[in-house]
Amino acid sequence: MKKDKRGGTNKLVTINPFKVGEESSDYWIGYIGADGFLSTKKYLIGLKSKDVNHIERYKTFIGGNVKLRYEVNSAGNTIGIVNFGNFDVYHYLLQLGITPRKSKTFKYNIPLNGHILRGHFDGDGSISQNRPKITTGSLNFKNQLIDYYNSLGIKYSVSQKGIDIWDIYVMKESRFKLFQLLYTNATIFLNR
């Protein structure tokens, strides 16, 4: 197949920073899987966050001369935004399961690990009723996460909100096991 690189010739990012199996790479793959996006019209990869210091770390990870923009959202919060176009990185992320319009169909095409899950948790996770939870609109990812928790012996419960939104809670007796998985020797995570 001949590559059509229109829209993916951004010279600011010349190498793929994502290398599966490395902590920072796996973490950012998880974070993009939760909160990032791939454009449907060009080879654009985007990530934004209200945690401006964190998005600055992402910019450093991506490397090159990628620009960090700031916007103020309707709630008055400052948002940091990093977008870049790169044909090869775009298609690499597609192979990993990060696709345009992924919210209802998302599933990682690589095995989950603590770093990927920590990135995903920082994007789509929270603590509710003293229990960590991840919310998803993808039945595929819900099942993948449940399978992963089962393989580790992590107890969980699932609550369905609406037609196709699920909260996957880690039960109180498994919180410590989850936190060990996510944070033992971790060097990158949301400071809050």
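From a predicted model like this one, the values you see are computed outputs, not experimental measurements.

Draft legend 1. Focus on unusual backbone geometry. One non-glycine residue, R101, lies in the positive phi region at around 55 degrees. Within the secondary structure, R101 sits in the loop between α3 (87–96) and α4 (114–124). Here Q129, not a glycine, exhibits a phi torsion of approximately 55 degrees, which is positive. Here Q129 is to be found in the loop between β5 (125–128) and β6 (131–136).

Draft legend 2. Structural context of the side chain of R118. Topologically, R118 is positioned in helix α4. A distance of 2.8 Å separates a polar side-chain atom of R118 from the backbone oxygen of I188.

Draft legend 3. Quick look at the environment of R118. Using a relative accessible area of 1% as the deciding quantity, one classes R118 as buried. As for R118 and L181, which are separated by 63 residues in sequence, their C-alpha atoms are 8.6 Å apart. Apart from residues no more than four positions distant in its own chain, R118 is found in contact with E23, Y27, L182, Y183, A186, I188 and F189.

Draft legend 4. Representation of the packing of aromatic side chains in the model. Counted under the stated rule, the structure contains 14 aromatic pairs. Considering the side-chain rings of Y27 and W28, the 5.0 Å spacing of their centres and the 85 degrees angle between planes classify their relative orientation as edge-to-face. Across the pair, W28 and Y27 agree in class, each one buried. Through pairs of rings, three or more aromatic residues link up here, namely F18, Y27, W28, Y31, Y58 and F61. Seen from the ring of Y169, R131 lies directly overhead, with NZ or CZ sitting 4.1 Å from the centre.

Draft legend 5. View of the layout of surface pockets. Looking at the second largest pocket, its volume works out to about 150 Å³. Looking at the second largest pocket, it is lined by 13 residues, and the ones nearest its centre are G33, A34, K102, S103 and D124. Elements represented by at least two residues in the lining of the second largest pocket include exactly α1 (23–35), α4 and β6. Residues of the lining of the second largest pocket, tallied by class, amount to three nonpolar, eight polar and two charged.

Draft legend 6. Spotlight on a nonpolar patch on the surface. Residues I127, F179 and Y183 make up a contiguous nonpolar surface patch of roughly 250 Å² in combined accessible area. Among the structural elements, F179 can be located in helix α6 (residues 175–183).

Draft legend 7. Just the sheet that holds strand β3 (residues 68–72), in detail. Strand order in this open sheet of four strands is β1-β2-β4-β3, and the pairing throughout is antiparallel. Unpaired on one side and paired on the other, β1 (37–38) and β3 mark the two borders of the sheet. When strand β2 (residues 44–49) meets strand β4 (residues 78–85), the two strands line up antiparallel, connected through six bridges. Within β4, the residue paired with I45 across the bridge is F84.

Draft legend 8. Spatial organisation of the sheet that holds strand β7 (residues 156–160). Across the sheet, four strands lie side by side as β5-β6-β8-β7; this open sheet has antiparallel pairing. Two strands bound the open sheet, and with one partner strand each, they are β5 and β7. Pairs of neighbouring strands in the sheet enclose a mean axial angle of 30 degrees, with direction left out of account. Looking at chain direction, β5 and β6 are connected through four bridges and run antiparallel.

Criteria and thresholds
- Residues numbered from 1 in each chain as written.
- Predicted model: local features only at pLDDT ≥ 70, side-chain atom pairs only at ≥ 80, totals over all residues.
- Heavy atoms only, no water.
- Helix = DSSP H or I, 4+ residues; strand = E, 2+ residues; numbered from the N terminus.
- Polar contact = N/O pair within 3.5 Å; in protein donor to acceptor, adjacent residues only side chain to side chain.
- Buried < 20%, exposed > 50% of the residue type's maximum accessible area, 1.4 Å probe, protein only.
- Contact = heavy atoms within 4.5 Å.
- Phe/Tyr/Trp six-rings, centres within 6.5 Å; stacked < 30°, edge-to-face > 60°.
- Lys NZ or Arg CZ within 6 Å of the ring centre and 35° of its normal.
- 1 Å grid on protein atoms, 1.4 Å probe; cavity = no way out; pocket = protein on both sides within 12 Å on 5 of 7 lines; lining within 4 Å.
- Points joined across faces, edges and corners; volume = space filled by probe spheres on them.
- Nonpolar A, V, L, I, M, F, W, Y, C, P; charged D, E, K, R; others polar.
- Patch = residues over 30% accessible without salt bridge, like charges linked within 9 Å, V, L, I, M, F, W, Y side chains within 5 Å.
- Areas by Shrake-Rupley, 256 points an atom, 1.4 Å probe, with all protein chains shown as cover.
- Salt bridge = Lys/Arg side-chain N within 4 Å of Asp/Glu carboxyl O.
- Pairing = 2+ DSSP bridges.
- Axes fitted to C-alpha atoms, helices over the stretch in contact; angles between N-to-C directions.

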